[in-house]
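Topology and contacts: notes
So the chains spell out like this:
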Amino acid sequence: MNEQIKIMIELQQIWDNILKNRDNISRCQGKLIKMEDDLKKKRDEINKLGEYIKKLKNSIKSHETDLLDKDTKNKKLLERKELVKSERELDALSSELVNVQHYRDELETAILQFFDDLEKYEEKFSISESELHASEKTAAEDSINLQNMIEQYQGRIDENQKKFDELIVNIQPQFRSKFTKLLLSKTGIAVGVLTGEVCSSCNFQVPPYLAKEAGMNNDPVTCSNCGKFIYKI
Ligand SMILES: [Zn+2]
């Protein structure tokens, strides 16, 4: 096999390692981002619950103030009822009393409902808060593990990059630029084996003369379809 091709195959393996470890880092970073997102969602949910609880407490307060007003009014009406002189005035007062009492009833019912809701939401808040604390604890541990893994993967990338840099200078200048460009392309593949006359990179059949040349010890040749360097075992 052509010496240049041998070096290319070795470089391709090193490059594959670099890409694999870059992928691993991306995956770890993705997990870190997702973890942060999940925590943020939980925190937002708790904040919303907190806001709602605050609103409920304010509603209870304002309804209780209203109720107190109605109580006072009720009391005054009852006092006035003792002093009424005419039937008409009594009717008017009675109707007003009915209204006030009806309003009081409604307020009382609403306040009871608010207290029920408050209890429910406060319980929900407390559960969500402990869940968040547990998630935060797990996330902190996972984050350390992921950071360590990223460091390890980066270490492997650096190692491989060093090997790569040392080896790439052995690729003759007339092939080096194309080879490097191919490695930097989307697929990250610069060299592929020919199976019979079929290129393993693009699965197309190359002309017989090219397949023959790829098996010889001459200069490296490239696939007539995908442009990648090809060789025969
Ligand atoms: Zn090809």
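Examining the sheet that holds strand 1 (residues 191-195)
- Strands sit in the order 2-1-4-3 across an open sheet of four strands; the sheet is mixed. Edge positions in the sheet fall to strand 2 (198-199) and strand 3 (221-222), since each has one partner strand and no second.
- Pairing geometry for strand 1 and strand 4 (residues 229-231), over three bridges, is parallel. Considered in strand 4, the bridge of Gly192 is made with Ile230.
- On the sheet, helix 1 (residues 3-83) packs against strand 1 and strand 4 and is oriented at approximately 115 degrees with respect to strand 1.

Quick notes on the packing of helix 1 against helix 2 (residues 87-168)
- The interhelical angle for the contact between helix 1 and helix 2, taken along N-to-C directions, is 165 degrees, at an axis separation of 5 Å. Taken together, the axes of helix 1 and helix 2 lie roughly antiparallel to each other. Of the two possible hands of crossing, helix 1 and helix 2 adopt the one that is left-handed.
- A per-class count over the contact of helix 1 with helix 2 returns 40 nonpolar, 14 polar and 24 charged.

Some points on the environment of Leu19
- With respect to the helices and strands, Leu19 occurs in helix 1.
- Sequence separation between Leu19 and Ser143 is 124 residues; the distance between their C-alpha atoms is 23 Å.

What to know about unusual backbone geometry
- Positioned with a positive phi, Asn203 is a non-glycine residue whose angle comes to about 65 degrees.
- Note that Asn203 resides in the loop between strand 2 and helix 4 (208-214).
- Overall, Asn203 belongs to the exposed group, with 11 C-beta atoms counted inside 10 Å.

With respect to the environment of Phe229
- Its location among the elements puts Phe229 in strand 4.
- The class for Phe229 is buried, based on 24 C-beta atoms found within 10 Å.
- Not counting residues up to four positions away in its chain, the partners in contact with Phe229 are Ile5, Met8, Phe179, Ala190, Val191, Pro220 and Thr222.

Some words on the nonpolar core
- Counting residues in each nonpolar core, the largest one holds 21 residues, and the members touching the most others are Met8, Ala190, Phe229 and Ile230.
- Elements with a minimum of two residues in this core: helix 1, helix 3 (173-184), strand 1 and strand 4.
- Each of domain 1 (14-170) and domain 2 (172-233) contributes no fewer than three residues to this core.

A few points about the domain arrangement of the protein chain
- The domains assigned to the protein chain are domain 1 (14-170) and domain 2 (172-233).
- One C-alpha centre belongs to domain 1, the other to domain 2; they are set 60 Å apart.

Observations regarding helix 1
- Across its 81 residues, helix 1 extends 120 Å between first and last C-alpha, which sits within 8% of the 120 Å expected from 1.5 Å per residue.
- Here helix 1 has its buried residues at Gln4, Ile5, Ile7, Met8, Leu11, Gln12, Ile14, Trp15, Ile18, Asn21, Cys28 and Lys70.
- Elements that come into contact with the buried residues of helix 1 comprise helix 2, helix 3, strand 1 and strand 4.

Comments concerning the pairing of strand 1
- Strand direction decides the pairing type here: strand 1 and strand 2, joined by two bridges, are antiparallel. Among the inter-strand pairings, Leu194 is bridged to a residue of strand 2, identified as Cys199.

Definitions and cut-offs
- Residues numbered from 1 in each chain as written.
- Predicted model: local features only at pLDDT ≥ 70, side-chain atom pairs only at ≥ 80, totals over all residues.
- Pairing = 2+ DSSP bridges.
- Helix = DSSP H or I, 4+ residues; strand = E, 2+ residues; numbered from the N terminus.
- Contact = placed C-beta atoms within 7 Å.
- Axes fitted to C-alpha atoms, helices over the stretch in contact; angles between N-to-C directions.
- Parallel < 35°, antiparallel > 145°, perpendicular 65-115°, else oblique.
- Left-handed = near helix turned anticlockwise from the far one by under 90°.
- Nonpolar A, V, L, I, M, F, W, Y, C, P; charged D, E, K, R; others polar.
- Buried ≥ 20, exposed ≤ 12 C-beta atoms within 10 Å, placed from the backbone.
- Core = buried A, V, L, I, M, F, W, Y, C linked by C-beta atoms within 7 Å.
- Domains from an automatic or database assignment.
- Expected span 1.5 Å × (residues − 1).

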